[in-house]
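Single-letter residue listing:
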Amino acid sequence: MKKADISRSTVQQTPRETLLVFGEDWHGLPSSTRHLIKPLCAQYHVVWINSIGLRQPRLNKQDMQRILCKLRQFMPSSESISAPTINSPIKPSALLNLKTFPAPKSHLMRKLCGQLMARQIQHALNKLGAQQPIIWASLPTAIDAIKYLAHKKIIYYCCDDFTSLAGVDHETVAIHEKELLNRADLVIASQQQLAQNLSLRLASSDTHKAPKILPHGVDYLCFSQVASMAPDLPNNNKPTAGFYGSIASWLDFSLLNTVIARHQGWNFVFIGHIETEASTQFLSLSKQSNVYYLGPKEHQQLPQYSQHWQASLLPFRHCDQINHCNPLKLREYLAAGSSIISTDFPAIDEYKNIINIAHTPEQFSQHLNAISALSHSQKIALQKKQRLLVKNHSWQARSQEIKLWMDQL
């Protein structure tokens, strides 16, 4: 049996303990797990496991591209992670790409895949001289491997309602999540309603371990420090409203179509990957002459856009997924300093005194008109007020809060 692909980075000191993390792909879009774990790399011997999947692949272009990407990770010439340079961010001590079948359904397949993953992980841990790690799981499907691994404690970090998340095998993942919840020593949720849902899914005998709530942080310096304007941002003397993130079915395309058609004096910019299920709707939207699709961008490039457009958009439709989400871009938008227009959903409740809420296209239009009328001094005052709200909510601060909880386990 071939072993898991593993490559090591420079370790500055021997950390006190090993933290084994089941997360998303390290080199993909920065997830909240990656933001939280990065500062802990200096305090723990972090072994990061790239995504093991939340559903079985389908015969479509997006899934085929992902399969090819995964296969490349196992090629001998593939570098999973490189040694840090002076200017590079802190990285895990080791990165693993497991050979497995994503989100198996049958009891037999779950057992076989779990044992296969556990053998690969244990081999890597032995090679690193690490035993009985603290396990951090951001994906419920990790439980299949976890139950075959010796460990000190289990942490389940949940920032999505997997029973309503788009692109997930809901029934299969719900079974995995229930088992993970009941085995976890610490459950962390990114949002109040999500924590309440997790509490209901816990076995009655486990009510003593109520989920702790940890709202998302922000890379404050990245988004608040002055950034030059991106060269591909429209520069036609019109105000610009912008959105970045996944262009997916949870966007309110009906609302956007109406608002964009009414405001030909505005540019509307979209940045991000277009999900398959939203491609037809977005294609229709992008045919409007004042819509600009700029493609995906690196995370560190985003301030070059969000600091220079006049309105940051959160145009989500009402659905269970959005009701239980806590978008990373919310606090990034606040740190960038431009006015924000959003539909109404629970994660924005604490910022309702500064975010423009739109329930209808008419209200959306009113907010755009009001933003156009802001004076320079009003814009500066708003910028300062927004940044003050998130200045002390960095990912480093969130990580240290988690460190305190871990020390108490």
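Our structure's up above, just so we're on the same page.
Because the structure is a prediction, the values reported are computed rather than measured.

Trainee: Could you give an account of the environment of Ser249, with specific residues and numbers?
Mentor: Turning to its location among the elements, Ser249 is positioned in the loop between strand S9 (240-244) and helix H8 (253-262). With sequence-adjacent residues up to four places away left out, Ser249 is seen in contact with Ala166, Glu277, Ala278 and Arg317.

Trainee: Got a sec to walk through the pairing of strand S2 (residues 18-22)? Specific residues and values, please.
Mentor: With five of five residues buried, S2 lies mostly within the body of the structure. In S2, alternate side chains face the same way, and those of Thr18, Leu20 and Phe22 on one face and Leu19 and Val21 on the other are all buried. Sheet analysis places S2 next to strand S3 (residues 45-49), joined by five bridges and oriented parallel. Bridge pairing links Leu19 to Val46 in S3. Where S2 and strand S5 (residues 134-137) come together, four bridges link them in parallel fashion. Bridge pairing in S5 places Leu20 opposite Ile135.

Trainee: Can you tell me about the packing of aromatic side chains, naming the residues and giving the values?
Mentor: In total, this model carries nine aromatic pairs according to the counting rule given. Ring centres of Phe243 and Phe316 lie 6.4 Å apart, and the angle between their planes is 85°; this geometry places the pair in the edge-to-face category. Note that Phe243 is positioned in strand S9 and Phe316 in the loop between strand S12 (311-314) and helix H11 (320-323), a separation of 73 residues in sequence. The exposure class assigned to Phe243 is buried, which follows from its relative accessible area of 0%. Using a relative accessible area of 3% as the deciding quantity, one classes Phe316 as buried. Where Phe316 meets Phe345, the ring centres are 5.4 Å apart and the plane angle is 65°; that geometry is what we call edge-to-face. Of this pair, Phe316 sits in the loop between S12 and H11 while Phe345 sits in the loop between strand S13 (339-342) and strand S14 (356-357), and the two are 29 residues apart along the sequence. Residue classification places Phe345 among the buried residues on the basis of a relative accessible area of 3%. Taking the ring centre of Trp26 as reference, the NZ or CZ of Arg34 above it sits at 5.3 Å.

Trainee: Quick one: what's the story with helix H14 (residues 376-390), residue by residue and with numbers?
Mentor: Taking 1.5 Å per residue as the helical rise, H14 with its 15 residues ought to reach 21 Å, and the 22 Å between its terminal C-alpha atoms agrees with that figure. All buried positions along H14 are accounted for by Leu382, Gln386, Arg387 and Val390. For H14, the angular spread of buried residues about the axis comes to 130°, placing them on one side. Residues of H14 that are exposed and point over 90 degrees away from its buried face: Ser377, Lys384 and Leu388. Where H14 is buried, its residues contact helix H7 (220-224), helix H12 (328-336) and S13.

Trainee: Go over the pattern of salt bridges, please, and point to the residues and values.
Mentor: Applying the stated rule across the entire model yields 14 salt bridges. Connected through salt bridges with shared partners, the residues Arg110, Asp144, Lys147, Glu179 and Arg183 form a single ionic network.

Trainee: Give a description of the packing of H8 against helix H13 (residues 361-372) that names residues and reports values.
Mentor: H13 packs onto H8 with a crossing angle of 45° between their chain directions and a minimal axis gap of 9 Å. Judged by the inter-axis angle, H8 sits oblique to H13. Considering only the axes of H8 and H13, their crossing is right-handed. Side by side, H8 and H13 meet where Leu255, Thr258, Val259 and Arg262 of the first sit next to Pro361, Glu362, Phe364, Ser365 and Leu368 of the second. Split by residue class, the contact of H8 with H13 holds five nonpolar, two polar and two charged.

Scoring rules and cut-offs
- Residues numbered from 1 in each chain as written.
- Predicted model: local features only at pLDDT ≥ 70, side-chain atom pairs only at ≥ 80, totals over all residues.
- Heavy atoms only, no water.
- Helix = DSSP H or I, 4+ residues; strand = E, 2+ residues; numbered from the N terminus.
- Contact = heavy atoms within 4.5 Å.
- Buried < 20%, exposed > 50% of the residue type's maximum accessible area, 1.4 Å probe, protein only.
- Pairing = 2+ DSSP bridges.
- Phe/Tyr/Trp six-rings, centres within 6.5 Å; stacked < 30°, edge-to-face > 60°.
- Lys NZ or Arg CZ within 6 Å of the ring centre and 35° of its normal.
- Expected span 1.5 Å × (residues − 1).
- Arc of directions from axis to C-beta.
- Salt bridge = Lys/Arg side-chain N within 4 Å of Asp/Glu carboxyl O.
- Axes fitted to C-alpha atoms, helices over the stretch in contact; angles between N-to-C directions.
- Parallel < 35°, antiparallel > 145°, perpendicular 65-115°, else oblique.
- Left-handed = near helix turned anticlockwise from the far one by under 90°.
- Nonpolar A, V, L, I, M, F, W, Y, C, P; charged D, E, K, R; others polar.

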